[in-house]
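Observations on chain architecture
So the chains spell out like this:
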Amino acid sequence: MSDLKPLRLDIVSDVVCPWCYIGKHRIEDALKLVPDVPVEVHWRPFFLNNWVPREGISREEYLTAKFGSVDAYKGIAGRVVAAANEEGLTYHPELVKRQPNTIDCHRLIHWAEAKGKAAEMKQRLMELYFRDGGDLTDSNVLVQAAADVGLDADDVRKRLATDEDVALVSAQAQEAAEKGISGVPTFVFAQKYAVSGAQPAEQLARAIRQVSAEINAQAAQ
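Residues numbered from 1 in each chain as written. Predicted model: local features only at pLDDT ≥ 70, side-chain atom pairs only at ≥ 80, totals over all residues. Heavy atoms only, no water.

The name given to the chain in an unreviewed UniProt entry is DsbA family dithiol-disulfide isomerase, and the organism recorded there is Bradyrhizobium elkanii.

Things to note about the sheet that holds strand β6 (residues 193–196)
Defined as follows: Any two strands between which DSSP finds at least two bridges are classified as paired. Helix and strand definitions here come from DSSP, where helices need a minimum of 4 consecutive H or I residues and strands a minimum of 2 consecutive E residues; each element is numbered from the N-terminal end. Orientation is described by axes fitted as lines to C-alpha atoms, over the contacting stretch for helices, and by angles from 0 to 180 degrees between their N-to-C directions. By the convention used here, residues are in contact when the closest approach between their heavy atoms is within 4.5 Å.
Read from one edge of the open sheet, four strands run β2-β1-β5-β6, paired in mixed fashion. This sheet does not close on itself; its edge strands, each paired only once, are β2 (39–45) and β6. Taken pair by pair, the neighbouring strands of this sheet meet at an average axis angle of 20°, ignoring direction. Relative to strand β5 (residues 186–189), strand β1 (residues 7–13) runs antiparallel, the two sharing four bridges. Paired with leucine 9 across the strands is phenylalanine 189, a residue of β5. Contacts from helix α8 (residues 166–178) reach β1 and β2, with the element oriented near 100° to β2.

Observations concerning the packing of aromatic side chains
Convention followed: Ring pairs shown here join Phe, Tyr and Trp side chains whose ring centres sit within 6.5 Å, with only the six-membered ring taken for Trp; geometry is labelled stacked below 30 degrees between planes, edge-to-face above 60, and tilted in between. Burial status follows relative accessibility: with a 1.4 Å probe on protein chains alone, a residue under 20% of its type maximum counts as buried, one over 50% as exposed, and anything between as partly exposed.
All told, the structure shown has five aromatic pairs when counted by the stated rule. Ring centres of tyrosine 21 and phenylalanine 130 lie 4.7 Å apart, and the angle between their planes is 15°; on these two criteria the pair is classed as stacked. With tyrosine 21 in helix α1 (residues 18–33) and phenylalanine 130 in helix α5 (residues 118–131), this pair connects stretches of sequence that are 109 residues apart. Residues tyrosine 21 and phenylalanine 130 agree in their burial class; the two are buried. A ring pair is formed by phenylalanine 67 and tyrosine 73, whose centres lie 4.9 Å apart and whose planes are at 35°; its orientation type is tilted.

Considering the pattern of salt bridges
What counts, and what does not: A pair is scored as a salt bridge if a Lys or Arg side-chain nitrogen falls within 4 Å of a carboxyl oxygen belonging to Asp or Glu.
Under the criterion given, the structure shown has 17 salt bridges. Linking arginine 124 and glutamate 127 is a salt bridge whose minimum nitrogen-to-oxygen distance equals 3.6 Å. Taken together, the residues arginine 124 and glutamate 127, both in helix α5 and three residues apart, mark about one turn of the helix. Classification of arginine 124 by relative accessible area gives buried; the value is 18%. Of the charged contacts in the structure, one is a salt bridge between arginine 131 and aspartate 132, with a shortest N-O distance of 2.8 Å. On the basis of relative accessible area, arginine 131 is assigned to the partly exposed category, the value being 32%. A network of salt bridges, in which partner residues are shared, links Arg124, Glu127, Arg131, Asp132 and Asp148.

As for the environment of alanine 205
Among the structural elements, alanine 205 can be located in helix α9 (residues 201–220). Sequence separation of alanine 205 and alanine 30 is 175 residues, and the distance between their C-alpha atoms is 4.6 Å. If we skip the residues at most four places from it in the chain, alanine 205 touches Ala30, Leu33 and Val34.

Comments concerning helix α6 (residues 139–148)
This is how it is decided: Here the arc refers to the set of directions running from the helix axis out to each C-beta atom. Think of a polar contact as two N or O atoms within 3.5 Å of one another; within protein, one of them needs to be a possible hydrogen donor and the other a possible acceptor, and neighboring residues in sequence only count if both atoms come from side chains.
Where α6 is concerned, the buried positions are Leu142, Val143, Ala145 and Ala146. Looking down the long axis of α6, one finds its buried residues gathered within 160° of arc, a one-sided arrangement. On its buried face, α6 sits against α4 (103–113), α5 and α7 (153–160). The backbone nitrogen of asparagine 140 lies 2.8 Å from a side-chain oxygen of the residue at the head of α6, namely aspartate 138. At the C-terminal side of α6, glycine 150 shows a positive phi close to 100°.

Here's what the structure looks like:
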């Protein structure tokens, strides 16, 4: 067993951010490159589109508001789809019909964290959205996603119907914004160093190794 002090890694991202989808895959690849370094991963919420109402809006309305028109997004989407494909991920922007507000998704990730399933929950929601065009504004879709990763469906359904942890998740997202995080994914190492964007796995692995060495050298002093 390693006697190194674990490196805390906070990953600030949103489930509807395509670069976060790609970045999740890259950080997981990075962790495989440094199996000897103990890392504690925490998934942190971010609202890419905090102006989208809780019930969500049509994808067409969203793309028009954000990019000027549906067609304007097509060129951007093509580049992201290609980048996702290179990671072995699938993104079908044409299947997405509804743009969600992601507060309920972040609540699910927070609840899944208590069972050590935050990464699985996040992955499931991202796959539903990017790969399958799933409607993340539909509570039945969210409940099924939670059940898919081993959470209790009835329990999740009851909790989603309340405001449990809405304030907590909102405060965490607000805290990230107040710290100057505006682009996601952002990887925060040891609550000190931040790397923004879906950087290559090798680069992220290097950062993990460097910061781990630094915090362990300080701990040994």
